[in-house]
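Chain by chain, the residues run as shown.
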Amino acid sequence: MATTYAHISPKVSAGSEGQEPKSKENQWFVVGFILLALYPFLDAFAGIDRLGSWGAIFVYVILAVGLNIVVGYAGLLDLGYAAFFAFGAYTIGLLTSPGSYFIQQGWVPEFLQHFWPALALSWVVAAFFGVILGAPTLRLRGDYLAIVTLGFGEIVPNFFLNADKITNGTRGLNPIAKPPSFTLFDHTVSFGPIDQRNWYWLILVIGTFSVLMIRRFHKSRLGRTWMAVREDEIAAASMGVNLVSTKLWAFALGASFAGFAGSVYASYFQYVHPSNFEFSVSVTILAMIILGGLGNIYGAIAGGLIIGFFDRILSEELNRPVHWLGGQLDIAFLSNHDVKQDKFLVFGLALVLMMLWRPEGLFPNSRRKSELHPETFEERMHEDQSMFETRDTDDHSVGERV
Amino acid sequence: MDFNVNLFVQLVIIGLANGALIALIALGYTMVYAIVELINFAHGEVFMMGAFLAFSVISYSGVTSKDPTFQIVGIAILAFLAAMCFSALINVGIDRFAYRRLRNAPRLAPLICAIGFSFILQQLAIYWKGANPLSPPALIPTKYRTYNILTEWFSLETKIRIRPLDLIVFGVTIPLLLALSWFVYKTRTGKAMRATAQDRDAAALMGIDINRTISVAFLVGGALAGAAGFIALYYNNTARPTMGFRYGLYAFTAAVLGGIGNLNGAVIGGFLIGLTWSMSDGFMKDYIPGWGAQWTPAVIFGLLVLTMVFRPGGIFGEQTAEKV
C-alpha cells in the first residue's frame, strides 16, 4: 500500500508541519531558555538595567504565542485579542485588589485572594470568554469574523471602563496581589518593585511553560485538526473533523494564554486600567506574529521579541542618536523627535510590507511558505485555499488568477 | 424619570447631522467592498486626513469671521474641494501601492494591509499636526434659531433649535448623495462599477477596464470621506488623529447595517447609527444610573456584532442584486 501512494506522500505525510527533528528542536529550545535565563547577570554586569522592560516584553511574547493558536494554527483572524488580555487582568484585579467590588462585598473566598490561585482562575475565565465570544463567530467568513472579534475587542474594555461600580472605571484597580515570596537555598525570593530580576525569571518561567504547553497542543490531534480546518474547512469536515469544537478549542486555548499574560501583567505593574487593552494592543500582537511567521511558534516568539524590543527598549535608546543627528544636520523635527511615538508607524509598516513582500513572515513555517509561494501550476490552482482559507467557492477572481 | 422631549428632539437633530456624516463615510466602505470585497480599514483615516487638510487650508489662509462673507465662503469651498481631492488621492494611492498587488491574494492579506495603513496614516497625521486636538478658526456663526413647530402642531412643550451648522451639514451632504446616485446610476463609469461589482470576470469580458473601475471606486469613496472630514471638522469643532478610528468603525457598522455593498442601505444605516449614537450619548447614562456614561462604543459595536452574526446581509436582507 505504501508504494501505491508514494506519489502523493510528500504533502500528506508532512504531519508535523515539516519542522526540524524533535531532538534538534529541543536542543535549541533549551539553549534559548538558558541564554534568556542568564541574561539578568549580563544585565547587571554590563549595567544595562533593562530587566523591567524585558518583563513586559515577555508578557507580550506570551500574548503572541497565544494569538498564534487562533490566527496561525486555526486560521481565524482575531482582531480583538486584547479583550482576553483584559479578562485575565481584571480577573486577578477583581479577585485580589482591595478596591474591587467583589472583595468589598466579601464574595471572594480567602484562598482565592492570592496570586497563584488568581493566575490559575484567570486562565479559566479567559478561556471561558474565549468560548463565549468565539461561539457567535463560528459561521462567519474570514473578514466578517475579524470584524466581529474587533467589535468584541472594543466592547469588553468599554464595559470595564463603564462598569465603574465593579471595576473602578477610569481610576483602575490598584494594588494587585503579588506572588508570595519563598525561600530558595537560604535566599528569600520576593517580588517587590525592586526585585526586577525575580520578576524577570518568574515571567520567563510562565512564558516557557506556556510555550511548552502550546507546543504539545500543536502536535496533538487537536493541533492537526486546527491546521486541517485552516487549510480547507470543507475537506476537514468531510474527513470527520468537528468544525465547531475545533474552532472553539482554538478560541478557548488562545484566549486562555492571554488570560495568563493579563494576570501576570496586572500583578507586575500593580495596576489595571481599561486603556491597557485598546485595539492598538491587539494590532501590536498581530504585527508580532505576522512579522515572525504565522503558524510557527518560534516565529511568534521571535516576532514578539523583535517588536517588544523595539517598543520597549530600542525606541528609547534611539532617541539620543536621533537627537544628535538632528542637532548635527540642524533639522528641528529630528532633534525634538521622540522615537517612542513612532512605534505605530513601525507596526503599520511591518504589517503592510510583510503582506506585500513576505506574507509568510521572517521565520516561516515550511508548509505555509509552500502554500504562499506555489511552485507548480497545480499548486497555483489551489492557491485560494492558502493562508486563511477565506475565499468563497464561487469566487469570481479565480479565473484571473490562473 | 420623565422623558425629556426637548432633549429628545435636540438629539434627533444631532443624530441626523452626525448620521449624514457617517453615511458619507459608509458609502466609501460599501462601494469598495462591493467591488473588491475588501474591508478598507484605512478608510476612517482617509476621512481624518481630509479633516486635517481642510484645517490646514483654512488656517493657512488666515481667514477669520471678520472677513467679508464671500471671502469666507470662497476659502471654505476651496478647503472643501482640497479635502476631497486629498482624501481621494490617498485612497487611490493606497490601492495602487498595496491593495492592487494583493488582489489575488487571500482575502485577509489586504485587510491586514489596510489595518497597517490605518496605523501609518494616523502616525503621519501626528507628525503633521501633533497628537493634540485641533480647533478650527470659527467661521460659521453659532447663533441658533428656535422653532416652535412641534408646540403648534402637537402641543408638545418643546423648542427646536437649529444652528446654521446643522443646515450646512445637510446642505452639503444631500447634494453629494444625489450626485453620487447620479454618477452610479446614470453615467457610463457608474454602470461599469455596477457591472464589476456584480461579476468581475463577466465585466472584464465585456471590455470594462477592471483596474480603472476599482480605482474610480476608491477615488469616489475617498472624495466622499474627504467631504465628510471637512464637515466633521466644523460640526465637531475639532479634529484629532484618532478621530478616524471611531468614525470609521461606526461608518463601517452603518454599511453593514444597511447591507454591505448596498448604497441606499449605507445611507440609511448611516442615519440609524447617527441616531443611535446621539440617543445613547443622551439617554444611556439615565437608564443605567450609577454606571459610566460612555456606553456609545459598546452600543454601536454591539449592534455591529449582532448584525454581522444574525443578519450578515443587513437589515434589508439579501435583496441586493445590484451591489453598487
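A. Local environment of the overall build of chain B. Per the secondary structure count, chain B includes 12 helices and two strands. For chain B, the α and β elements follow one another from N to C terminus as α-α-α-α-β-α-β-α-α-α-α-α-α-α. The globule rule puts the C-alpha radius of gyration for 324 residues at 20 Å, and the 20 Å found for chain B is close to it. Based on the C-alpha atoms only, the size of chain B along its principal axes is roughly 60 × 50 × 40 Å. Burial statistics for chain B: of 324 residues in total, 51% are counted as buried.

B. Molecular detail of the overall build of chain A. Counting secondary structure elements, chain A contains 20 helices and two strands. Across the 402 residues in chain A, those meeting the buried criterion constitute 45%. Summarising the internal contacts of chain A: among those between residues at least 6 apart in sequence, 75% fall at separations of at least 24.

C. Up close: the interface of chain B and chain A. In this complex, chain B contributes 38 residues to the contact, which on the side of chain A involves 45 residues. Tallying contributions element by element places helix α4 (residues 108–129) of chain B first for the side of chain B that touches chain A, with 13 residues. Per-class residue counts for the side of chain B that touches chain A are 24 nonpolar, eight polar and six charged.

D. Expanded view of the packing of helix α4 (residues 82–96) of chain A against helix α12 (residues 243–269) of chain A. Residues and elements named next belong to chain A. Running from N to C, α4 and α12 cross one another at 50°; their axes reach a closest spacing of 6 Å. When the interaxial angle is binned, α4 and α12 end up oblique. Read as a crossing pair, α4 and α12 show a hand that is right-handed. Along its contact with α4, which presents Phe 84, Phe 85, Ala 86, Phe 87, Gly 88, Ala 89, Thr 91, Ile 92 and Gly 93, the element α12 presents Ala 255, Ala 258, Gly 259, Phe 260, Ala 261, Gly 262, Ser 263, Tyr 265, Ala 266 and Ser 267.

E. Highlighting the confidence of the model for chain B. All names here are of chain B. On average, residues of chain B score 86 in pLDDT, and 93% of them are at 70 or above. Of the regions scoring below 50 in pLDDT, residues 319–324 engages in 18 contacts with residues more than four places distant in sequence or in other chains. Under the prediction, the complex receives an ipTM of 0.86, its pTM being 0.86.

F. Just the packing of helix α1 (residues 5–36) of chain B against helix α10 (residues 243–257) of chain B, in detail. Residues and elements named next belong to chain B. One can describe the packing of α1 onto α10 by two numbers: an axis separation of 8 Å at closest approach and a directional angle of 70°. Taken together, the axes of α1 and α10 lie roughly perpendicular to each other. Packed against α1, whose contacting residues are Ile 22, Ala 23, Ile 25, Ala 26, Tyr 29 and Thr 30, the element α10 presents Tyr 247, Gly 248, Tyr 250, Ala 251, Phe 252, Ala 254 and Ala 255 at the interface. Residue classes in the contact of α1 with α10 are distributed as 11 nonpolar, two polar and no charged.

G. Focus on helix α3 (residues 51–73) of chain A. Residue and element names in this part refer to chain A. In a regular helix each residue adds 1.5 Å, so 23 residues correspond to 33 Å; α3 covers 31 Å between its end C-alpha atoms and thus fits that length. At Leu 67, α3 shows its strongest bend, of approximately 35°. The buried count for α3 comes to 19 of 23 residues, which makes it a mostly enclosed element. Downstream of α3 by one or two residues, Gly 75 has phi in the positive range, about 70°.

The rules behind the values
- Residues numbered from 1 in each chain as written.
- Chains lettered and ligands numbered in written order.
- Predicted model: local features only at pLDDT ≥ 70, side-chain atom pairs only at ≥ 80, totals over all residues.
- Helix = DSSP H or I, 4+ residues; strand = E, 2+ residues; numbered from the N terminus.
- Rg over C-alpha atoms; globule rule 2.2 N^0.38 Å.
- Buried ≥ 20, exposed ≤ 12 C-beta atoms within 10 Å, placed from the backbone.
- Contact = placed C-beta atoms within 7 Å.
- Nonpolar A, V, L, I, M, F, W, Y, C, P; charged D, E, K, R; others polar.
- Axes fitted to C-alpha atoms, helices over the stretch in contact; angles between N-to-C directions.
- Parallel < 35°, antiparallel > 145°, perpendicular 65-115°, else oblique.
- Left-handed = near helix turned anticlockwise from the far one by under 90°.
- pLDDT = per-residue confidence, 0-100.
- Expected span 1.5 Å × (residues − 1).
- Bend = angle between axes of the 7 residues up to and from the residue.

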